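In case you want the letters, here they are:
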Amino acid sequence: MADDTANAIGKSGAPASSIMDRLPATRYLPDWLPFMERLRYARTWCPAIENLTRLPFEASLRQLDSGADTESSFAHTRMTIWRENARMGVPNDFDLDDIKGAAATIVIAGNVTTAATLMLLVLYLMQHPDLQRKAQAEVDRVVGSDRLPSWADIPSLPYTRLVLQETYRMNPLSLLGIPHASIADDVYDGMFIPKRTAVYSNVWAMCHDESVYAAPSRFWPERYLPKEDGGNGEPLPVGNSGFGRRVCIGKHLAENGLLIVLALLLATVDIDWPVGADGKPQPFEPEWSFRGRQLSCRSGHPSPAAPPGRKGCWTARYEHKNIAKGDYTK
Ligand code: HEM
């Protein structure tokens, strides 16, 4: 279900760029007409979004009805509040449809974005073993080798945080952001922008502006450090999470989630190139494609035959660590 939704969203085209966005009445036209690929796509994939919206919500409702002692979730918590209010005669300022829609939005907006950023992080760490070692050294210094990193460690991991920021800058997931409509007539740089114009923010250009970022195609987390600390004093990137009052509501959740996963990865595994049949690392040049639909990064290598102790490109660190030996090499 999550994969179907990811597919439905990931390949649906640049946001707000279809004919239905411009002329909403066209959504009622037959989709065999010319230039109606996007309408056809929407109709084909609509059930994926509907399923994701309906099925987990109904399951959560059933659990609540059964009184089963389940793990808490957004839907579960909100429904409990909703029912409690209703029981006590307190008016609810949201209804069950609001809960259903909000829960689905969290999954739809937060799932692929966070997973894609994590994939990029792994790719950059693999491509830059020197930076990986530096981040690992930071985690080791702060966490030691007798436990796993915890939330409390995150503020003490400034370099690890910069690795994430540099990943955001290198690959903003929404290259042109999500268009916003201007709420009043405006003039920008001598250009008149009438009220209700769809305004795109060229996040890619902002993050790769050579007048702001030296060698913008280089993955270099140190660039944000002050010059006296060996950096280049460049500003942290903006725009990856959008702008203004519609800025991503999950940005802090995403950032903290990514940081704890990154710290755990750094603490527990070395991320190397996939190992070939000859047992040697096989560096590869990732292929990037921005076909206006999705960003894909393919290794071009089938799953490598891994020698004992190695699975793919993951190698467990610190076998001696006094931590629960989760099967983290899988
Ligand atoms: C690295 C991960 C993420 C990235 C890169 C990202 C990026 C974005 C961007 C670019 C927007 C559009 C903002 C705008 O209109 O200016 C957005 C909106 C949104 N995001 Fe995220 N997001 C991420 C994670 C999440 C998570 C984890 C959640 C859920 C908890 C989430 C929920 C939302 C929602 C609900 C909106 C719509 C906000 C609105 O229109 O008012 N996002 N996100």
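Residues numbered from 1 in each chain as written. Predicted model: local features only at pLDDT ≥ 70, side-chain atom pairs only at ≥ 80, totals over all residues.

1. A look at the overall build of the protein chain
Part 1: Summing up its helical and strand segments, the protein chain has 9 helices and 9 strands in all.
Part 2: Here the analysis covers contacts within the protein chain between residues at least 6 apart in sequence; of these, 62% occur between residues at least 24 apart. (Helix = DSSP H or I, 4+ residues; strand = E, 2+ residues; numbered from the N terminus. Contact = placed C-beta atoms within 7 Å.)

2. Observations concerning the packing of helix 4 (residues 74–88) against helix 5 (residues 96–127)
Any two packed helices are characterised by the angle at which their axes cross and by the distance between the axes.
Part 1: Helix 5 packs onto helix 4 with a crossing angle of 165° between their chain directions and a minimal axis gap of 10 Å. One finds that helix 4 runs roughly antiparallel with respect to helix 5. When the axes of helix 4 and helix 5 are compared, the crossing they make is right-handed. Contacts between helix 4 and helix 5 involve F74, A75, R78, M79 and W82 from the first element and L96, I99, A103 and I106 from the second.
Part 2: The residue makeup of the contact of helix 4 with helix 5, split by class, is 8 nonpolar, no polar and 1 charged. (Axes fitted to C-alpha atoms, helices over the stretch in contact; angles between N-to-C directions. Parallel < 35°, antiparallel > 145°, perpendicular 65-115°, else oblique. Left-handed = near helix turned anticlockwise from the far one by under 90°. Nonpolar A, V, L, I, M, F, W, Y, C, P; charged D, E, K, R; others polar.)

3. Thoughts on the UniProt feature "transmembrane region" (unreviewed entry) in the protein chain
Part 1: Following the UniProt record, the feature "transmembrane region" (unreviewed entry) maps to residues 102–126 here.
Part 2: Taken end to end, residues 102–126 is 100% helix and 0% strand, and its two terminal C-alpha atoms sit 36 Å from one another. (UniProt positions renumbered as here; feature names shortened; annotations may be inferred.)

4. A look at the site of the ligand
Part 1: Looking at the ligand, there are 22 residues lining it, with G110, T113, G242, C248 and G250 nearest.
Part 2: Counting only elements with at least two residues in the shell around the ligand, the list comes to helix 5 and helix 9 (251–268).
Part 3: Of the residues assigned to the shell around the ligand, the class counts are 10 nonpolar, 11 polar and 1 charged. (Near = placed C-beta within 6 Å.)

5. Things to note about unusual backbone geometry
Part 1: Notably, D189 is not glycine yet its phi reads approximately 55°, a positive angle.
Part 2: Note that D189 resides in the loop between strand 2 (186–188) and strand 3 (191–193).
Part 3: Even without being glycine, R196 reaches a positive phi, approximately 70°.
Part 4: In this fold, R196 is placed in the loop between strand 3 and strand 4 (198–199).

6. A short note on the UniProt feature "binding site: heme" (unreviewed entry) in the protein chain
Part 1: Here, UniProt's "binding site: heme" (unreviewed entry) annotation points to C248.
Part 2: Mapped onto the elements, C248 comes out in the loop between helix 8 (203–207) and helix 9.
Part 3: Among residues more than four places away in sequence, those in contact with C248 are S241 and G242.

7. Focus: the nonpolar core
Part 1: Ranked by internal contacts, the top residues of the largest apolar core, which has 22 residues, are L121, V139, L164, L262, A263 and L266.
Part 2: Elements that contribute at least two residues to this core include exactly helix 5, helix 6 (129–143), helix 7 (158–170), helix 9 and strand 5 (269–271).
Part 3: Those residues in contact with L262, other than ones at most four positions away along the chain, are L121, T160, V163 and L164.
Part 4: Residues A75, M79, A103 and A104 belong to the second largest nonpolar core, which totals 6 residues. (Core = buried A, V, L, I, M, F, W, Y, C linked by C-beta atoms within 7 Å. Buried ≥ 20, exposed ≤ 12 C-beta atoms within 10 Å, placed from the backbone.)

8. Section: the environment of P286
Part 1: Mapped onto the fold, P286 is located in the loop between strand 5 and strand 6 (287–290).
Part 2: On the neighbour-count criterion, P286 (13 C-beta atoms within 10 Å) is partly exposed.
Part 3: P286 sits 163 residues away from L123 along the chain, and the two C-alpha atoms are 8.7 Å apart.

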